[in-house]
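# Close look at the chain arrangement
So you can see what is in the structure, the chains are spelled out below.
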Amino acid sequence: MTDAEFVAGEESLCFGDVLKDFAKAKYINILTFYISEKQNILLDAVKRAGARDIPIKIITNIPGRWPHYFNENTKEVARNKIDVYERKLNPTSIGKLASVFFKFNNHGKMIMTNNIIYWGSANFSDESKKNYECGTLSRDKNFIEYVNSVIIPEVLEEPISYYDIEYNVCVLSMYSAIAYLHNIHDEIHDASYGCFESYTILTFIIIT
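Calculation criteria
- Residues numbered from 1 in each chain as written.
- Predicted model: local features only at pLDDT ≥ 70, side-chain atom pairs only at ≥ 80, totals over all residues.
- Heavy atoms only, no water.
- Core = buried A, V, L, I, M, F, W, Y, C linked by side-chain atoms within 4.5 Å.
- Buried < 20%, exposed > 50% of the residue type's maximum accessible area, 1.4 Å probe, protein only.
- Helix = DSSP H or I, 4+ residues; strand = E, 2+ residues; numbered from the N terminus.
- Contact = heavy atoms within 4.5 Å.
- Salt bridge = Lys/Arg side-chain N within 4 Å of Asp/Glu carboxyl O.
- Pairing = 2+ DSSP bridges.
- Right-handed = clockwise from strand over helix to strand, strands pointing away.
- Polar contact = N/O pair within 3.5 Å; in protein donor to acceptor, adjacent residues only side chain to side chain.

## Some remarks on the nonpolar core
Core analysis: the largest hydrophobic core is formed by 33 residues, its most contacted members being F15, F22 and F124. Top contributing element to this core by residue count: helix α2 (residues 41-50), with five residues. With near-sequence residues (within four places) excluded, F124 lies in contact with F15, L19, F22, I30, T32, Y34, I35, S36, L42, L43, V46 and I111. Formed by eleven residues, the second largest nonpolar core is a distinct cluster that contains I59, M112, V147 and V155.

See the structure below:
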């Protein structure tokens, strides 16, 4: 890869050059762990680009959403976050060609257009400006095309799409239930293996 630079600092957006390119971009891809809950500066930049009817893909996790919750407070926190994400990421408010996806195991951060790409520690959120973040910027056309044609489709193999709000609630609940069942399965498997392991050790001691 050529034409790349390391960026780092605080009180600034490491991916600021990507934001500037939104005005002339032919497409935008955003992979982020979370978005701002109370601010809209970055989403407003996306919406301005979306007004030009360019393809926009936003792939995000929902922090605070878990397969199961330990108390009512954590449930309420998750419910509030889901409400925020549904309201802020409604594709119809972003652009005609906008698509939003939820990927619940995502922790990656990447923002790109057809001209420039950033990947690093910064989320696509206003709060990242307050943190010390670092990452890499590249304008390598071949690398950008590789990420757009190979990596983005790979990331999109598992996420669920944004639907209307009521349907989102059903889908998110379903995925939570499935994740919960997987957790139970893993706990039973681990417990069974532990018992088997203890039994094997005890048998070995008795025999010897």
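## Quick word on the pattern of salt bridges
Within this structure, the stated rule accounts for four salt bridges. Two residues, D17 and R139, come together in a salt bridge whose shortest N-O distance is 3.3 Å. Within this pair, whereas D17 is found in helix α1 (residues 16-21), its partner R139 is found in the loop between β7 (133-138) and α4 (141-155), the two being separated by 122 residues in sequence. Two residues, D21 and K24, come together in a salt bridge whose shortest N-O distance is 3.8 Å. A relative accessible area of 7% places D21 in the buried class. Through salt bridges that share partners, E5, D17, K20 and R139 make up one connected network.

## As for the pairing of strand β2 (residues 28-32)
Here β2 lies mainly inside the structure; five of its five residues are buried. Taking every second residue as pointing to the same face, both faces of β2 are buried, with I28, I30 and T32 on one and N29 and L31 on the other. As defined by bridge partners, β2 adjoins strand β3 (residues 56-60) across five bridges and the pair is classed as parallel. Note that in β3 the partner of I30 across the bridge is I58. The parallel pair β2 and β3 is bridged by α2, and the resulting crossover is right-handed. Pairing between β2 and strand β5 (residues 110-113): four bridges, direction antiparallel. Paired with I30 across the bridge in β5 is I111.

## A few points about the side chain of D21
The residue D21 is located in helix α1 in this model. A distance of 3.0 Å separates the side chain of D21 from the side chain of N115, its partner in a polar contact. Leaving out residues up to four positions away in the same chain, D21 has contacts with T113, N115 and I116.

In short, geometric facts, not functional conclusions.
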